[in-house]
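# Remarks on the overall topology
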Amino acid sequence: MKKQKRDRSSTLHNRGFVAGLNGRSREECPVQAVDLRSHWMNGWREGREAHWNGMSGVSAIQVNPTLA
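None of the values given here were measured: they were computed from a predicted structure.

## Overview of the overall build of the chain
Across its full length, the chain holds 2 helices and 0 strands. Scored against the burial criterion, the 68 residues of the chain give a buried share of 31%. Long-range pairs, those at least 24 residues apart, make up 66% of the contacts in the chain between residues at least 6 apart in sequence. Surface summary for the chain: the accessible area is close to 5100 Å², and the carbon and sulfur share equals 51%.

## Details of the side chain of arginine 48
Mapped onto the fold, arginine 48 is located in helix H2 (residues 34-52). The charged side chain of arginine 48 is buried without a salt bridge, its nearest counter-charge being glutamate 28 at 9.7 Å. Ignoring sequence-local partners within four residues, the contact set of arginine 48 consists of Gly20, Leu21, Gly23 and Arg24.

## Quick look at the nonpolar core
Grouped together as the largest cluster of nonpolar side chains are 7 residues: Leu12, Ala19, Cys29, Val31, Trp40, Met41 and Trp44. Elements with a minimum of two residues in this core: helix H1 (8-21) and H2. In terms of residues, this core owes the most to one element, H2, which gives 3 residues.

## Overview of the packing of H1 against H2
Following both chains from N to C, one finds H1 and H2 inclined at 35°, their axes separated by 6 Å at the closest point. At the point where H1 passes H2, the crossing takes the right-handed sense. Seen from H1, the contacting residues are Arg8, Ser9, Leu12, His13, Arg15, Gly16, Phe17, Ala19, Gly20 and Leu21; seen from H2, they are Leu36, His39, Trp40, Asn42, Gly43, Trp44, Glu46, Gly47, Arg48, Ala50 and His51.

## A few points about H2
The first and last C-alpha atoms of H2 sit 26 Å apart over 19 residues, in line with the 27 Å expected at 1.5 Å per residue. Within H2, the full set of buried residues consists of Trp40, Met41, Gly43, Trp44, Gly47, Arg48 and Ala50. Those residues of H2 hidden inside the fold are in contact with H1. At the exit of H2 stands glycine 54, carrying a positive phi of roughly 85°.

Conventions used here
- Residue indices follow the written sequence of each chain, beginning from 1 at its first position.
- Totals for whole chains, interfaces and linings use every residue, but because this is a predicted model, local features are given only for residues with pLDDT of at least 70 and side-chain atom pairs only at 80 or more, for both listing and counting.
- As a convention, hydrogens and water are excluded, and side-chain values are obtained from all of the structure's heavy atoms.
- Only DSSP runs of H or I reaching four residues or more are called helices, and only runs of E reaching two or more are called strands; each is numbered from the N terminus.
- Burial classes follow relative accessibility: with a 1.4 Å probe on protein chains only, a residue under 20% of its type's maximum area counts as buried, one over 50% as exposed, and anything between as partly exposed.
- Note on contacts: a residue pair qualifies if any of its non-hydrogen atoms lie within 4.5 Å across the two residues.
- Reported accessibility uses the Shrake-Rupley method at a 1.4 Å probe radius. Residues are deemed covered only where the shown protein chains occlude them.
- Charge assignment in this entry is limited to Lys and Arg as positive and Asp and Glu as negative, and neither His nor the chain termini are counted.
- Whenever Lys or Arg places a side-chain nitrogen within 4 Å of a carboxyl oxygen from Asp or Glu, that contact is recorded as a salt bridge.
- In this description, a nonpolar core means a group of buried Ala, Val, Leu, Ile, Met, Phe, Trp, Tyr and Cys residues linked to one another through side-chain atoms lying within 4.5 Å.
- To get an axis, a line is fitted to the C-alpha atoms, and for a helix only the part in contact is used. The angle between two axes follows their N-to-C directions and goes from 0 to 180 degrees.
- Whether a crossing is left-handed or right-handed is set by the direction in which the near helix is turned from the far one by less than a right angle, anticlockwise for left-handed and clockwise for right-handed.
- How far a helix is expected to stretch is found by multiplying one less than its residue total by 1.5 Å.

Here you go:
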């Protein structure tokens, strides 16, 4: 069975969200291309906001973009 390829921007957004939720620094962004970096940074910002609001573990499920 073939796997459907995911859009690179959504994958980067999800990875940025997880990085922000785990409290990682934004300097750890793995992408240097400006257009793709913005997707990672947007996810990172959302993850940091969830982290600051006390969401971690099970409570972060409702805001996790990978499960939406």
